[in-house]
Amino acid sequence: MSLDLYSMSRAELEALQKDVAKALKDVDAREMKAARAAAEAAAAEHGFSLAELLGDGRKARKTRGPVPPKYRNPDNADETWTGRGRKPRWVAAAEEAGHDISEFEI
């Protein structure tokens, strides 16, 4: 099928453009359906369903519980630090004063 695009009016070209866009969507849908069927067949060949392999589509997040404090300020027992993240000011000041962090372990 050969079309002479230069002999077509603007309205005809716009209608053709809409038809082509719709046809492309239909082709995408057919190809996706075929790909899904092939993936399901491959999963079944190994004894799994596609849903089992893909999960529910969300990434599993690793959740961590609260971390117990590892260090305590000897001058203020309410100030603790887990050893993670940025050092608190009291730890940095103590290290600058020449103290070893192991002195503050709980």
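This is a predicted model, so every value here is computed, not measured.

Chemist: Which parts of the structure should I look at to understand helix α3 (residues 89-96)?
Modeler: Buried within α3 we find Trp90, Val91 and Ala94. With its buried residues spanning 100 degrees around the axis, α3 presents them on a single face. Exposed residues on α3 whose side chains face more than 90 degrees from its buried face are Arg89 and Glu96. Just beyond α3, the residue with positive phi is Gly98, at close to 100 degrees.

Chemist: What is the right way to read the pattern of salt bridges from this model?
Modeler: Should the charged atoms of two oppositely charged side chains come close, the side chains can pair. In total, this model carries four salt bridges according to the counting rule given. Between Arg10 and Glu14 there is a salt bridge; the shortest N-O distance is 3.8 Å. Here Glu14 and Arg10 lie together in helix α1 (residues 10-45), a separation of four residues that amounts to about one turn. With a closest N to O distance of 3.8 Å, Arg36 and Glu40 form a salt bridge.

Chemist: What's the story with α1 in this structure? I'm lost.
Modeler: Given 3.6 residues to a turn, an α-helix orients residues that are three or four positions apart in the same direction. Look at α1: 52 Å from first C-alpha to last across 36 residues, which is about the 52 Å you get at 1.5 Å a residue. Taken from the residues just after α1, Gly47 is the one with a positive phi, measuring 85 degrees.

Chemist: When you look at the nonpolar core in this model, what are you seeing that I'm missing?
Modeler: Inside soluble globular proteins, nonpolar side chains tend to come together where they are buried. Of all hydrophobic cores here, the largest spans seven residues; its members are Tyr71, Trp81, Trp90, Val91, Ala94, Ile101 and Phe104. Here this core gets three residues from one element, more than from any other, and that element is α3. The contact partners of Phe104, leaving out residues within four places of it in the chain, are Lys70, Tyr71, Arg72, Pro74, Trp90, Ala94 and His99.

Conventions adopted
Residues numbered from 1 in each chain as written. Predicted model: local features only at pLDDT ≥ 70, side-chain atom pairs only at ≥ 80, totals over all residues. Heavy atoms only, no water. Buried < 20%, exposed > 50% of the residue type's maximum accessible area, 1.4 Å probe, protein only. Helix = DSSP H or I, 4+ residues; strand = E, 2+ residues; numbered from the N terminus. Arc of directions from axis to C-beta. Salt bridge = Lys/Arg side-chain N within 4 Å of Asp/Glu carboxyl O. Expected span 1.5 Å × (residues − 1). Core = buried A, V, L, I, M, F, W, Y, C linked by side-chain atoms within 4.5 Å. Contact = heavy atoms within 4.5 Å.

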